[in-house]
Amino acid sequence: MATLPNPLPQLAADPSGASLGLELPPGTLVDATDEGPWHEPLLWHADVPAEPGGWAALEPARRTSGLLPVLLDVGGTQGGPQDWELMPDETTYPGDHDAEEVLEEFWDQYAADKLGADEDYPGKEKVVEIFGEPNTFDETIAPYGPTWPGLAPATGQGADPDARAAEVADALADGGSWLKDPRLALVPARRSADIPAAVGWTGPMNYENDVARLCAVLRSWEDRFGIRVVALTFDQLVLSVAAPPSTRAEAEAVAAEHFAFCPDNITQGHQEVLRDYAAQEVLGRRVWSFWWD
């Protein structure tokens, strides 16, 4: 794999980005990782809060320099990306992984763990007394079973993916979203799906150590559903969706992929079984978000 040229160092001498055909607000170059400074900046982010229209203003960066936009939330208790313990040295290349193989492996691993958890164990009666009887694995993932059901088919033609991403970014920047202090950022990446890997994002660390494997799935979702990576927090990923599922059957097939990708979305979310999650969080939804405990 050829190394992608990184134009971010030019912003050290040219903070406005004029040499790249940009008009950037004051911003910060981030090279901080869990092991100390990286050999080059991993990203740039604005020093002022994002506003509607800001995403579209960064669109020339994609064409002129290969820098892709994303919103970063710097207002959480974990701070901004300089405090997120980024790990680019632990990240492989998304193109080296197969999306279906990754999802099938996750599904099989979780099925094995959960089926074991359904059995009796010391103290189970007390746990049930306090928290209630949990759903069994079969109840959680119905209408599917322990065997990986395969990839969902691509949906029909939807909105322009980049236009949908700008629409969602504007909504997130317009106040009232769950993002506390979103800042526009630029990341050198081949495609939007690669952004988490490009910066060595560690949000899913308790689930998967190499975020490039998850980015392989994001690449597949780009191709099938027109997703774009719109926002990152310390442990949350937000996607825009240009062509979301439009039928319940389509939504359940996609929800199975979401479950393999991020089980916490269902097992620790508002919708505790896959069917409900599909109906409420996937069917016709223009935004998908994922959180790892």
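Higher on the page you've got the structure.
This structure is a prediction, so every number in the text was calculated from the model and none was measured. Every chain is numbered independently, its residues counted from 1 as its sequence is written. At least 70 in pLDDT is required for a residue's local features to be given in this predicted model, at least 80 for side-chain atom pairs to be given and counted, and no such filter applies to totals for whole chains, interfaces and linings, which use all residues. Only hydrogens and water are set aside when side-chain values are computed; all heavy atoms of the structure are taken into account.

## As for the overall build of the protein chain
Helix and strand definitions follow DSSP, with helices as H or I runs of at least four residues and strands as E runs of at least two, each counted in order from the N terminus. When its secondary structure is counted, the protein chain shows 12 helices and nine strands. What you see for the protein chain is a C-alpha radius of gyration of 20 Å, in line with the 19 Å of a compact globule of 293 residues. Of all 293 residues assigned to the protein chain, the portion counted as buried reaches 50%. Across the protein chain, contacts joining residues at least 24 apart in sequence account for 74% of those joining residues at least 6 apart. For the accessible areas, the method is Shrake-Rupley and the probe is 1.4 Å, while residue cover comes only from the protein chains on display. Working note: accessible area of the protein chain is about 13,300 Å², and carbon and sulfur atoms make up 48% of it. As used throughout, the charge tally considers Lys and Arg to be positive and Asp and Glu to be negative, leaving His and the chain termini uncounted. Lys charges are placed at NZ, Arg charges at CZ, Asp charges at CG and Glu charges at CD. Distance between charge centres in the protein chain, computed from 18 positive and 50 negative side chains, equals 6 Å. Here the radius of gyration uses the C-alpha set of atoms, whereas the globule reference equals 2.2 Å times the residue count to the power 0.38. Residue exposure (1.4 Å probe, protein chains only): buried if accessible area is under 20% of the type maximum, exposed if over 50%, otherwise partly exposed. Contact definition: two residues touch when any of their heavy atoms are within 4.5 Å.

## Things to note about the packing of aromatic side chains
Only rings of Phe, Tyr and Trp enter the pairing, Trp through its six-membered ring, and a pair is recorded when the two centres are within 6.5 Å. The plane angle decides the type: under 30 degrees is stacked, over 60 is edge-to-face, the rest tilted. Counting across every chain of the model gives 12 aromatic pairs. Look at phenylalanine 225 and tryptophan 288: their rings are 5.7 Å apart centre to centre, the planes differ by 65 degrees, and that puts the pair in the edge-to-face class. Residue phenylalanine 225 is located in helix α9 (residues 211–225), and its partner tryptophan 288 is located in strand β9 (residues 287–291); the two are separated by 63 residues in the primary sequence. The burial state of phenylalanine 225 is the same as that of tryptophan 288; both residues are buried. Ring centres of phenylalanine 261 and phenylalanine 290 lie 5.0 Å apart, and the angle between their planes is 70 degrees; this geometry places the pair in the edge-to-face category. On the criterion of sequence distance, the pair formed by phenylalanine 261 in helix α10 (residues 248–261) and phenylalanine 290 in strand β9 is long-range, its members being 29 residues apart. Grouping residues by exposure puts phenylalanine 261 and phenylalanine 290 together as buried. These aromatic residues form a ring-pair network of at least three members: Trp201, Trp221, Phe225, Phe261, Trp288, Phe290 and Trp292.

## Some details on the pairing of strand β5 (residues 67–73)
In regular strands, side chains alternate between the two faces of the sheet. Among the seven residues of β5, seven are classified as buried, and the element is accordingly described as predominantly covered. Residues Leu67, Pro69, Leu71 and Asp73 of β5 are buried on one face, and the alternating residues Leu68, Val70 and Leu72, pointing to the opposite face, are buried as well. Here β5 runs beside strand β6 (residues 182–188); their pairing, made up of seven bridges, is antiparallel. Bridge pairing in β6 places proline 69 opposite leucine 186. Only strands joined by at least two bridges in the DSSP assignment are considered to pair. Here β5 runs beside strand β7 (residues 227–232); their pairing, made up of two bridges, is parallel.

## Overview of the environment of leucine 29
Looking at the secondary structure, you find leucine 29 in strand β1 (residues 27–30). C-alpha of leucine 29 to C-alpha of leucine 8: the two residues are 21 residues apart in sequence and 7.7 Å apart in space. Contact partners of leucine 29, with chain neighbours within four places excluded, come to Leu8, Leu11, Ala12, Pro41, Leu43 and Trp44.

## With respect to the nonpolar core
Counting 57 residues, the largest nonpolar core has Leu218, Trp221, Leu237, Leu239, Phe261, Trp288 and Phe290 as its most contacted members. Not counting the four nearest positions on each side in its chain, leucine 239 is found in contact with Leu218, Trp221, Ile227, Arg228, Val229, Val230, Arg286, Val287, Trp288 and Phe290. Nine residue types can take part in a nonpolar core, namely buried Ala, Val, Leu, Ile, Met, Phe, Trp, Tyr and Cys, and a core is a set of them joined through side-chain atoms within 4.5 Å. Counting residues in hydrophobic clusters, the runner-up holds 25 residues, among them Ala46, Ala50, Trp55 and Leu71.

## Regarding the pattern of salt bridges
By definition here, a salt bridge exists when the distance from a side-chain nitrogen of Lys or Arg to a carboxyl oxygen of Asp or Glu is within 4 Å. Across all of its chains, the model carries 14 salt bridges by this definition. The closest approach of N and O atoms between arginine 62 and aspartate 162, which form a salt bridge, is 3.7 Å. Pair noted here: arginine 62 is in helix α3 (residues 59–65) and aspartate 162 is in helix α7 (residues 161–173), with a separation of 100 residues, a long-range link. Here glutamate 105 ties to arginine 213 by a salt bridge, and the two come within 3.2 Å at their closest N and O atoms. Here arginine 213 lies in helix α9 and glutamate 105 lies in helix α4 (residues 99–117), a separation of 108 residues in the sequence. A single salt-bridge network, built from bridges that share partners, covers Glu59, Arg62, Asp162 and Arg228.

## Some words on the sheet that holds β6
On the basis of which strands lie adjacent, the open sheet formed by seven strands has the order β1-β4-β6-β5-β7-β8-β9 and mixed pairing. Of all the strands in the sheet, just β1 and β9 have a single pairing partner and so form its edges. Adjacent strand axes in the sheet meet at a mean angle of 30 degrees when their direction is disregarded. Relative to strand β8 (residues 236–241), β7 runs antiparallel, the two sharing five bridges. Bridge pairing in β8 places arginine 228 opposite serine 240. The strands that α9 touches are β7, β8 and β9; relative to β7, the one it contacts most, it runs at about 130 degrees. Every axis corresponds to a line fitted to the C-alpha atoms, with the helix fit spanning only the stretch in contact, and the corresponding angles, defined between N-to-C directions, vary from 0 to 180 degrees.

So yeah, pure geometry; function would need other evidence.
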